[in-house]
Amino acid sequence: MASSYQYSTNKLNKAQIGQAVDDMMTADKNLRWSFERRWYDNNFFDDGHHFRYMSRTQNKIVDLSQASTLWAPMRSIPKASRQIRGVSNLLTSRNFIPVIYPERVSSIQFPGIPTQDPNTGQTTMAPNPEYKQALEEAKRIAKASGHWMSEEFKKMRLVEKLAFMILLTSKHGVSFIQIWPDPVKETLNDMVLDAFDVHLNGSLNEVEDCPHIIKSKPRLISEIKADERFDQEEVLKINPDNRYASSDIKEAYSKSRYGGLGGTDSTSTVIEKEAFIKEYLDSDNEARIRLQEDGGEILKRHKRGDMVMRQVFAAGNVTLKDSYLNLPGYPIVDLRFEPGPIYQVPLIERLKHQNKSLDLVVSRVERFLHTMVAGSWSVKTGEPTEPTNSAGGQIFKYNTAPPIQNPIASIPPFVFNFMNMLESLIEEQGVTTSALGKLPKGVKANAAIETLKESEFANLSIAMERVKGTVRRIAEKMLDYADDYFVKPQTVYYLEKGEPQYFDIIGASALQKRKELKLDEGQPLDAVPIKRDYRVDIEVESGLAYTREAQRTAAKELGDYLVQLAGLNLVSPEVVKEYFRKLLEIYQFGSASEIMEAMDEYGASGQMMDQQLETMKVAMAQVMSDMVKGGILPTPEQRIEEGKVSTLEALKDAGDAGKQAVADAQAKEPSKSISFKDLPAQGKVQLAGQAGIQLSEDEIRAQEQEAQNMEKAKLAIQAKKGGNNATSQR
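> Pulling in residues and values, what's your account of the overall build of the protein?
Along its length, the protein carries 24 helices and 21 strands. Here the protein holds 730 residues, and the buried ones make up 38% of them. Taking the contacts inside the protein whose residues are at least 6 apart along the sequence as the reference set, 68% of them involve residues at least 24 apart. Just so you have it, the protein exposes about 43,900 Å², and 55% of that area is on carbon and sulfur atoms.

> Describe the sheet that holds strand β9 (residues 212-220), with residues and values.
The strand order across the open sheet formed by five strands is β8-β9-β10-β11-β12, and the pairing between neighbours is antiparallel. Strands at the two margins of the open sheet, each flanked by one partner only, are β8 (198-199) and β12 (318-325). Looking at chain direction, β8 and β9 are connected through two bridges and run antiparallel. Within the sheet, the bridge partner assigned to histidine 199 lies in β9 and is isoleucine 214. Helix α2 (residues 14-31) contacts β8, β9, β10 (269-280), β11 (307-315) and β12 of the sheet and is inclined by roughly 95 degrees relative to β10.

> Report on the nonpolar core, specifying residues and quantitative values.
Judged by nonpolar contacts, the single largest core of 88 residues is most densely connected at Leu91, Trp148, Met149, Phe153, Ile474 and Met478. Per-element tally for this core: the top contributor is helix α16 (residues 461-485), with ten residues. Leucine 91 has contacts with Phe96, Ile166, Phe337, Leu460, Ala463, Met464 and Val467, leaving out every residue within four places of it along the chain.

> Before we move on, can you summarise unusual backbone geometry with the specific residues and values?
Not every positive phi belongs to a glycine, and arginine 157 is a case in point at roughly 55 degrees. Positionally, arginine 157 belongs in the loop between α5 (129-155) and α6 (158-172). Positive phi outside glycine occurs at asparagine 242, with the angle close to 50 degrees. Summarising the element assignment, asparagine 242 is placed in the loop between α8 (232-235) and α9 (248-258). Residue classification places asparagine 242 among the partly exposed residues on the basis of a relative accessible area of 21%.

> Give me the packing of α5 against α16: which residues, what numbers.
One can describe the packing of α5 onto α16 by two numbers: an axis separation of 11 Å at closest approach and a directional angle of 110 degrees. Looking at the two axes, α5 sits roughly perpendicular to α16. Only Val471, Ile474, Ala475, Met478, Leu479 and Ala482 of α16 make contact with α5, whose side of the interface consists of Trp148, Met149, Glu152 and Phe153.

> Which residues make up the confidence of the model for the protein, and what values do they have?
In this model, the protein carries a mean pLDDT of 79, and residues with pLDDT of at least 70 account for 74%. Every residue in residues 665-671 is under pLDDT 50, and counting partners more than four places away or in other chains gives zero contacts. Of the regions scoring below 50 in pLDDT, residues 724-730 engages in zero contacts with residues more than four places distant in sequence or in other chains.

> Requested: an account of the sheet that holds strand β19 (residues 499-507), with residues and values cited.
As summarised here, the arrangement of the three strands in space is β18-β19-β20, forming an open sheet in which the pairing is mixed. Of all the strands in the sheet, the pair left with one neighbour each is β18 (490-496) and β20 (528-530). This sheet shows a mean twist of 40 degrees between the axes of neighbouring strands, independent of strand direction. Sheet analysis places β19 next to β20, joined by three bridges and oriented parallel. By the bridge assignment, glycine 507 is partnered in β20 with isoleucine 530. Packing against the sheet, α5 makes contact with β18, β19 and β20, and its axis sits at approximately 65 degrees to β20.

> Could you give an account of the packing of aromatic side chains, with specific residues and numbers?
Inspection of every chain in the model, using the stated rule, returns 14 aromatic pairs. Measuring from centroid to centroid gives 5.0 Å for phenylalanine 44 and tyrosine 253, while their planes differ by 75 degrees, and the two rings are edge-to-face. Residue phenylalanine 44 is located in helix α3 (residues 33-46), and its partner tyrosine 253 is located in helix α9; the two are separated by 209 residues in the primary sequence. Here the aromatic residues Phe35, Trp39, Phe196 and Tyr343 are joined through ring pairs into a cluster of three or more. The cationic tip of lysine 215 hangs over the ring face of tryptophan 180; the distance from NZ or CZ to the ring centre is 5.7 Å. Positioned above the aromatic ring of tyrosine 101 is the side chain of arginine 535, whose terminal nitrogen or guanidinium carbon lies 4.5 Å from the ring centre.

Conventions we followed
Residues numbered from 1 in each chain as written. Predicted model: local features only at pLDDT ≥ 70, side-chain atom pairs only at ≥ 80, totals over all residues. Heavy atoms only, no water. Helix = DSSP H or I, 4+ residues; strand = E, 2+ residues; numbered from the N terminus. Buried < 20%, exposed > 50% of the residue type's maximum accessible area, 1.4 Å probe, protein only. Contact = heavy atoms within 4.5 Å. Areas by Shrake-Rupley, 256 points an atom, 1.4 Å probe, with all protein chains shown as cover. Pairing = 2+ DSSP bridges. Axes fitted to C-alpha atoms, helices over the stretch in contact; angles between N-to-C directions. Core = buried A, V, L, I, M, F, W, Y, C linked by side-chain atoms within 4.5 Å. Parallel < 35°, antiparallel > 145°, perpendicular 65-115°, else oblique. pLDDT = per-residue confidence, 0-100. Phe/Tyr/Trp six-rings, centres within 6.5 Å; stacked < 30°, edge-to-face > 60°. Lys NZ or Arg CZ within 6 Å of the ring centre and 35° of its normal.

See below:
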């Protein structure tokens, strides 16, 4: 078969490619044979069978714990299993937020608008307002695409899938997740796979460098026959094998744990192999691609020499489907804790050897306790050794010498010291605070616990970056599929500030085809296009702290600081209000929407109060103006005239000071003063004449009459308002 390959599968037709897939799987199995044995042992160890292993010499399963009894136990302490679950909890405790970068908008596409400078009269180029609109639209589309991806993460329960992958990676060194579209329902599907289910070249550093990837999983024959993608003539040729896996070692493990599969027609299964093979476009495979329904789209994106992805479904040496995918890479994403070869040392293998030593020590200590509780006895030769048990106790029958109980010995202290040392060796490879809740003596404050948590995260920084990279590649695969397979608009729902938001999304390729066919010419489609060209990144939302109490303390301190900045007008009050909403979530107050609505209503009412104050100010100014016009208050000119009269009177008083003193001494009568406004019209004319001011007596009487009329009108208005208020109170 190697000669017919000619270093590639380009020349193999549909009838030949199925056998080629089986040959590839056989080669991959031979390369990973030693790894499969270790994965098998790690699976049993995590299941609690610490003394069960695959014997290389006997080529069978050996379980040393089968010889254990109640009085001579072989205990399995799940220390390592608890450690890998602590790592899984710690790595998935952060929120993974997808961030879509906006498309680049070049200012060259929006040239400036020529305008004339009003000062110089020269022609200048003003910024094009469409450029700013294009920037805002790009940001809106990117933000909406990020919301869509976040909701897709929730639908696929990404956190649960990541936790499962982390556990598998801890036992096998690598795990996988496959993302594929459902073209009928226009949805995205996913499946977590262990290292047994995926066949590839594990000596390479990256999955994308592998020449092929083959997934093998059991599938019901009834489902295969109902699958419309497969050739029905070829489906009739398959026969059930009722296996758990294509790997013999995983098959043995699954049978020992779950038992054998049933052989009824409705439950008959066969191992379905889905192979993804890298080929390079030439005349041989180009002819096959053109025969596909989407062959034109594939050839439009590829030229001679470019990599094209060949997908083959096979079962029992029967090729069910042979086609090419319009994908830039494999639809399978891996997760590893460390860079390097794909097949690497699993985390549990760094823990289980110390765990086995701890198992043996604990088992021996328990045996010693059982022995010392029952006691050890010295019996003379020839005397009966079996006591008779009764409700009153044990009865020893003897002939000449009774049995003598030996002194009860205690366990030496070094045994417990050795157990503590083994526990410390296990904990230094994993996480102590997060997995076991074990704190050093004297550590109680939040700051100290935060420091310990930070050190554990620092020890897992490489693993965290690897998990982050896995999530980013999953997001990229989702964009690839959504671009091509989301043909119809789909509505996305999400909550923002406690309020439901809605928008539609559609694949960018499908949207372009709709525009070419002018399907939405009468009514433009308001949908966010999802493109494979979007650059996506993953932000890890760690929060203010690791513990809940520390988060509350840090949030309160930051809130106090924001209030101070708001008092200095350095930040907007809206920033403080938005942070207050986040603060309620941190304190787990519950739904903050009602409180935020009340705050918005309060802000609106406060704004109305400000408007009312402005209205009152205008009304008071109008009243003051009316009083001036009515003569109740003097006009500015009258104020000036009053000032002049006062000045003249002061000068006259200063010049006639001597005469006035003599007159006062002679008259010896009390002086009297009267205000200018209290004088009659004739007196005002005389006093103004003394000051050199000419006033008309008729003018003064007219002003006084107008002032009296205004005063009467105001009193009537006030009386009417008082009556209305009394009626409303009743």
